[in-house]
Amino acid sequence: MTKIDNPQQTEMTKRSFLQTVGMVGGTAAVMTAMRGWDIGFASEMERPPELLSDGKGKKVVILGSGLAGMVLAFEMSKKGYDCQIIEAQDYAGGRCVSARKGSVIQEIGADKQVCNFAEGNYINYGPWRIPAEHKSTIYYCQTLGVPLEVMINKSSKAYYYAENKEGPFKNRNIRQGDVETDFKGYETELLAKVADQGGLDQFVKPEDKDKLLEHLKASGLIDKKELNYRANRARGHSAYPGGGTNFGKLSDPFSMAEVLSVPEASRNETADHPAVMFQAVGGMDQIAQGLRKALSRRTIRYNSEVTDIIQDNNGVEITYKDTKSGKVRTEKGDYVISTIPLGVISKINTNMSEEFRNSLKSTRGTTVCKIGIEMNRRFWEQDDMIYGGVSKTDIPGHRQISYPSGNIFGHAHGDTGVLLGYYPIGASSVPISNLSIKERTDFAIACGEKIHPENYKKHFTGEAMSVAWHKMEYAMAGWQAWSSRGRKRAFPIMQKGDNRIFISGDAASPALSGWMAGAIEGAWSTLEVIDKRVAQQT
């Protein structure tokens, strides 16, 4: 083996090799090689990929200034690419938006809504929460100095409410924590008794059975001798203890039959919906605004509706219309990356290949509605001890009430707050979206009154902001969803691009549909693809 005395020579050899790998296999291949040398990055999900191609002298036209579009411009400009974002609306952020005083929502065929919430109040009618697993979203919040705060996704004091199935709890509010603790208690009792009576002997070793019983007895849910589920401190008190001889009274569990009539009590949330999540302080749109501020002023061209995307072997030409003046302009570039929602891009004249165009038709836009309801008193906290979390219902088109995690106790800007008054997804959202704005508000208030009688109507300020994302002209859906067949057959075609045209955004992250991380990591995925393409075409 040849001895190498000069460490710089070794490093240059590696660098040259990595550049060659990048030209052939792209950034993903380079990262694999670097990990083999223990000189790689952290997880690919934690930070954007490192671009190897030099972007100087190359122009990229990015369509859409949502999170994906701005992430692309932010990262590519670091490598010298001349990035121009063309945006149809008069603001940056796409679907990463919040409504606060002065905000406007204009759906197709609906009255224009102008937000008149009290100063400091807002509703996130786009993204709602950030799980700790979404390191890509947190990465940009930290990079751009966007402060985060705890978002309480689960409250044991929130309610389950059902009116469309028979049973002991029909038309009754029940605390989520009560029925969920009871379900776990009866489950623990049955498992302990089966194990104690030898019912598990053929499945577990004797020492493991003993450990299991020890574990179940230590749960605090069952009597250690009789193994019966009974009133306990995990379920809590019906009369809370105090000073002196006031020892309170433990609350009585529901019967097993009653508990089994509430299937929601047995449902576990997915790992990306834990009890404690995060949100941007002051509204989720602060993440989008952090990206906007990080770009140069000339990067985004607003009020510019794209009408044509025409490519040849040398570049691409974008034709767009100024929505204010009606003037038609063109923009040329070496490449175009569209983050425009696929339901919108289908209306644009393009010369994409037929195979590529068909791949874009393999997704479906998700219909979804939200409404923010302003209250002049935080009765859910003061009367019901609900701090954050979600009350869930079976009312068609309603689904839930979500309680704000910001301004708890009303310290920041008075004893007011905005509730998410409903959040139907899919087919159940369509009838709600077909209502007038007033009818949507009346529906939300009527549903809320069933959950919080004597409070919901009483404390409603009269101010609400509603959105049906599938009726927003430049969205046409809440997010894109891929079928399993589409992921296998069509997605690879879309992902690799069509000569000079690339598609990015949430459509480029099938596993993260509907999340901010989907838009961000979709952009990261496109960065890798275009990095490889540029290397090959240079």
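Parameters at a glance
Residues numbered from 1 in each chain as written. Predicted model: local features only at pLDDT ≥ 70, side-chain atom pairs only at ≥ 80, totals over all residues. Heavy atoms only, no water. Phe/Tyr/Trp six-rings, centres within 6.5 Å; stacked < 30°, edge-to-face > 60°. Helix = DSSP H or I, 4+ residues; strand = E, 2+ residues; numbered from the N terminus. Buried < 20%, exposed > 50% of the residue type's maximum accessible area, 1.4 Å probe, protein only. Patch = residues over 30% accessible without salt bridge, like charges linked within 9 Å, V, L, I, M, F, W, Y side chains within 5 Å. Areas by Shrake-Rupley, 256 points an atom, 1.4 Å probe, with all protein chains shown as cover. Salt bridge = Lys/Arg side-chain N within 4 Å of Asp/Glu carboxyl O. Pairing = 2+ DSSP bridges. Lys, Arg positive; Asp, Glu negative; His and termini not counted. Charge placed at Lys NZ, Arg CZ, Asp CG, Glu CD. Axes fitted to C-alpha atoms, helices over the stretch in contact; angles between N-to-C directions. Parallel < 35°, antiparallel > 145°, perpendicular 65-115°, else oblique. Contact = heavy atoms within 4.5 Å. Nonpolar A, V, L, I, M, F, W, Y, C, P; charged D, E, K, R; others polar. Core = buried A, V, L, I, M, F, W, Y, C linked by side-chain atoms within 4.5 Å.

Asker: I tried to follow the packing of aromatic side chains on my own but got confused; where do I start?
Answerer: Aromatic ring pairs are defined here through the distance separating the ring centres and the angle between the ring planes. Under the defined criterion, the tally for this structure stands at 14 aromatic pairs. When the ring of Tyr 140 is compared with that of Trp 524, the centres are 6.0 Å apart and the planes differ by 55°; the resulting orientation is tilted. Taken as a pair, Tyr 140 in helix α3 (residues 135–144) and Trp 524 in helix α16 (residues 516–537) lie far apart in primary sequence, 384 residues in all. The class of Trp 524 is buried, set by a relative accessible area of 4%. Between the aromatic rings of Tyr 422 and Phe 443, the centroid separation amounts to 6.1 Å while the plane-to-plane angle is 50°, which identifies the pairing as tilted.

Asker: Would you mind going over a nonpolar patch on the surface with me for this structure?
Answerer: A surface patch of nonpolar side chains, about 270 Å² in accessible area, is lined by Leu 190, Met 256 and Leu 260. Along the chain, Met 256 turns up in helix α6 (residues 256–260).

Asker: Teacher, can you tell me more about the pattern of salt bridges here?
Answerer: Opposite charge on two side chains makes pairing possible when the charged atoms of those side chains draw close. According to the stated counting rule, one finds 24 salt bridges in the structure shown. Of the charged contacts, one joins Asp 506 and Arg 95 as a salt bridge, the two residues approaching to 3.6 Å between their closest N and O atoms. Note that Asp 506 is positioned in the loop between β26 (501–503) and α16 and Arg 95 in the loop between β2 (82–86) and β3 (99–100), a separation of 411 residues in sequence. The salt bridge involving Glu 189 is made with Lys 193; its shortest N-O contact spans 2.9 Å.

Asker: So what exactly am I meant to see when it comes to the sheet that holds strand β17 (residues 335–338) here?
Answerer: In a beta sheet, neighbouring strands are held together by backbone hydrogen bonds and run either parallel or antiparallel to one another. Spatially, five strands are ordered β13-β2-β1-β17-β26 in an open sheet, and the strand pairing comes out parallel. Either end of the sheet is taken by a strand with one partner, and the two such strands are β13 (300–301) and β26. The pairing of β2 with β13 spans two bridges and is classified as parallel. What sits directly across from Ile 85, in β13, is Ile 300.

Asker: I would appreciate a short explanation of a negative patch on the surface in the present structure.
Answerer: Judged by side-chain charge, Glu 207, Asp 208, Asp 210 and Glu 214 come together as a negatively charged surface patch. With respect to the helices and strands, Asp 210 occurs in helix α5 (residues 206–217).

Asker: Before we go on, may I ask you to explain the packing of α3 against α16 in this structure?
Answerer: Orientation of α3 relative to α16, taken along the N-to-C sense of each, is 85°, at an axis distance of 8 Å. With respect to each other, α3 and α16 are oriented roughly perpendicular. Between α3 and α16, the residues in contact are Ser 136, Thr 137, Tyr 139 and Tyr 140 and Met 516, Ala 517, Ile 520, Glu 521 and Trp 524, respectively. Its residues assigned to classes, the contact of α3 with α16 comprises six nonpolar, two polar and one charged.

Asker: In this structure, what is going on with the nonpolar core? I would like to understand it.
Answerer: Nonpolar side chains in soluble globular proteins tend to end up buried together. Grouped together as the largest cluster of nonpolar side chains are 41 residues, with contacts concentrated most on Leu 67, Met 70, Met 76, Tyr 140 and Ile 287. Going through the elements one at a time, β1 (59–63), α2 (67–77), β2, α3, α7 (285–294), β17 and α16 are the ones with two or more residues in this core. The leading source of residues in this core is α16, at nine residues. With near-sequence residues (within four places) excluded, Leu 67 lies in contact with Gly 93, Cys 96, Ile 287, Ala 288, Leu 291, Met 516 and Ala 519. Of all hydrophobic cores here, the second largest spans 26 residues; its members include Val 316, Ile 340, Val 344 and Ile 501.

Asker: Hey, could you run me through unusual backbone geometry in this one?
Answerer: Trans peptide bonds make up the majority, and among non-glycine residues the majority have a negative phi. Unusually for a residue other than glycine, Asn 303 sits at a positive phi of about 50°. Position of Asn 303 among the secondary structure elements: in the loop between β13 and β14 (304–312). In this structure, Arg 399 is a non-glycine residue whose phi angle is positive, near 80°. The topology assignment puts Arg 399 in the loop between β21 (390–393) and β22 (400–402).

Asker: Explain the environment of Glu 258 here, please?
Answerer: Positionally, Glu 258 belongs in helix α6. In this structure Glu 258 comes out as partly exposed when scored by relative accessible area, which is 24%. Considering only alpha carbons, one finds Glu 258 and Lys 327, 69 residues apart in sequence, at a separation of 66 Å. Each residue touching Glu 258, except ones within four places of it in the same chain, is listed here: Pro 168 and Phe 169.

Asker: Help me understand the sheet that holds β14 in this model?
Answerer: If you trace the four strands from one edge of the open sheet to the other, you get β16-β15-β14-β18, paired in mixed fashion. Of all the strands in the sheet, just β16 (328–333) and β18 (349–350) have a single pairing partner and so form its edges. Note: strand β15 (residues 315–322) against β16, six bridges, orientation antiparallel. What sits directly across from Ile 318, in β16, is Glu 331.

Take it as geometry only, folks, not as evidence of what the structure does.
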